[in-house]
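Summary of structural features
Given next are the chains, with one letter for each unit.
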Amino acid sequence: MLARARSLLSLAEKVLVLTGAGISAESGVPTFRGPDGFWQHYRPEDLATPEAFARNPRLVWEWYAWRRDQLATCRPNSGHLALARWILGRHGVTLVTQNVDNLHEAAARAAAPPGTDPALAYPVRLHGSIAHLQCTACEWREERLDPIDTTSEATLPRCPACRALARPGVVWFGEMLPAEALIEAGAAARQADVCLVVGTAGVVYPAAGLAFDAKRHGATLIVVDPGETGFDEAADLKLEGKAGVVLPELLAGGPP
Ligand code: BV8
Ligand code: ZN
């Protein structure tokens, strides 16, 4: 299986890589639907929706502030790094992620040899970035790494341009994905010879739909995941295992 997957990937002109929370699990970032997943303690509709934020901005900011603090101590794992090295070492790969943890970007910066632009291995971010804040009223959006003061509504972050309440720069349930991200990801799905899906349950749309689009347009579908996913039926190859173990073997031919 591994040898077959390796040769399919090396022969592929165009590759779409779609990742989800599972690729960051070994970095210590809880997944959404796993046993210790975020959603075990909270319901998505309680926290990751515009209605929830309008109803109780402090509660939603408390959850994101906790996730931002937690991410400050997380590092890219061997799966992120093997993927970044592989992308930087060839052409024709589009990395698309549902994750908002910026660990693919950190891996690209760590893996890029001097003189190589790490941005070549940056992902298309379908669901935004937890490091970014955006305004609830105007177009302002910026990366802001300083801690969020959730003591009271009065201390929550505000837009520097119009003073309206600022919110996490992520896509919530019921919200449209960034148009340019969807266009780029959709084009990559239609042109892919191989679609490599890593660490996503395939529950959230339209992200999960990209893998099925790729398959419909003739791509071979390879899934890397230790568990069951919504892609398993359609997968041509399923590599059961953790991203941090499988990706170094699959992409670099070496041990993790
Ligand atoms: C939209 C950012 C339309 C925020 C996220 C019914 C009712 C209401 C809505 C819907 C509905 N049916 C469909 C919808 C649409 C909805 C949706 O798909 N809901 C699902 C729950 C059914 N989608 C939306 O709302 C999207 N917008 O559709 O807009 C629209 C149309 C017109 C006009 C207006 C709007 C927006 C979706 C984006 C939501 N935001 N994140 C935040 O992070 O706080 S989604 C969130 O889930 C994360 O981004 C996460 O990445 C994503 C998907 O989860 P996964 O990545 O798959 O993670 P999960 O835990 O589920 O799985 C982990 C996997 O890893 C598992 O398979 C596990 O086995 C594996 N794993 C574990 N360890 C490892 C591993 N793999 C490898 N190695 C390991 N070590
Ligand atoms: Zn504003």
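For the structure, check the block above.
The notes below deal with the structure included here. What you see is a predicted model, and the numbers here were worked out from it, not measured in a lab.

Focus: the site of ligand 1
Near ligand 1 you find 34 residues, and of these R33, Y64, R67, G174 and D225 are the closest. Between G199 and ligand 1, the recorded distance is 3.3 Å, taken from a backbone N or O atom to an oxygen atom. Between ligand 1 and A201, the relevant distance is 2.8 Å, taken from an oxygen atom to a main-chain nitrogen or oxygen of the residue. Expressed as a share of its isolated accessible area of 1500 Å², the protein-covered part of ligand 1 is 72%. Per-class residue counts for the shell around ligand 1 are 17 nonpolar, 10 polar and 7 charged.

Topic: the pairing of strand 4 (residues 128-135)
Summarising burial for strand 4: 8 of the 8 residues are buried, a large majority. The pairing of strand 4 with strand 6 (residues 166-170) spans 4 bridges and is antiparallel. Bridge assignment links G128 to a residue of strand 6, and that residue is V170. Where strand 4 folds back on strand 5 (residues 141-143), the antiparallel hairpin that results is connected by 5 residues.

A short note on the packing of helix 1 (residues 2-11) against helix 10 (residues 243-252)
As a packed pair, helix 1 and helix 10 sit with axes 9 Å apart at the nearest point and diverge in direction by 55°. Between helix 1 and helix 10, the angle is such that the two are oblique. For the element pair helix 1 and helix 10, the recorded crossing hand is right-handed. Along the contact surface, helix 1 presents L2, A5, R6 and L9, while helix 10 presents E249, L250 and L251. When grouped by side-chain class, the residues that make up the contact of helix 1 with helix 10 number 5 nonpolar, no polar and 2 charged.

Thoughts on the environment of G174
Its place among the elements puts G174 in the loop between strand 6 and helix 8 (179-191). Sequence separation between G174 and T49 is 125 residues; the distance between their C-alpha atoms is 6.8 Å.

Side note on the sheet that holds strand 3 (residues 124-125)
As summarised here, the arrangement of the 6 strands in space is 3-2-1-7-8-9, forming an open sheet in which the pairing is parallel. Only two strands of the sheet have a single partner each, and these edge strands are strand 3 and strand 9 (237-239). Across 5 bridges, the pairing between strand 1 (residues 15-19) and strand 7 (residues 194-198) is parallel. Within strand 7, the position partnered with V17 by the bridge is L196. Of the strands in this sheet, strand 1, strand 2 (93-97), strand 7 and strand 8 (220-224) are in contact with helix 9 (residues 209-216), which crosses strand 1 at around 155°.

Cut-offs used in this document
Residues numbered from 1 in each chain as written. Chains lettered and ligands numbered in written order. Predicted model: local features only at pLDDT ≥ 70, side-chain atom pairs only at ≥ 80, totals over all residues. Heavy atoms only, no water. Near = heavy atom within 4 Å. Polar contact = N/O pair within 3.5 Å; in protein donor to acceptor, adjacent residues only side chain to side chain. Areas by Shrake-Rupley, 256 points an atom, 1.4 Å probe, with all protein chains shown as cover. Nonpolar A, V, L, I, M, F, W, Y, C, P; charged D, E, K, R; others polar. Buried < 20%, exposed > 50% of the residue type's maximum accessible area, 1.4 Å probe, protein only. Helix = DSSP H or I, 4+ residues; strand = E, 2+ residues; numbered from the N terminus. Pairing = 2+ DSSP bridges. Axes fitted to C-alpha atoms, helices over the stretch in contact; angles between N-to-C directions. Parallel < 35°, antiparallel > 145°, perpendicular 65-115°, else oblique. Left-handed = near helix turned anticlockwise from the far one by under 90°. Contact = heavy atoms within 4.5 Å.

Such coordinate-based values are descriptive only and should not be taken to indicate function.
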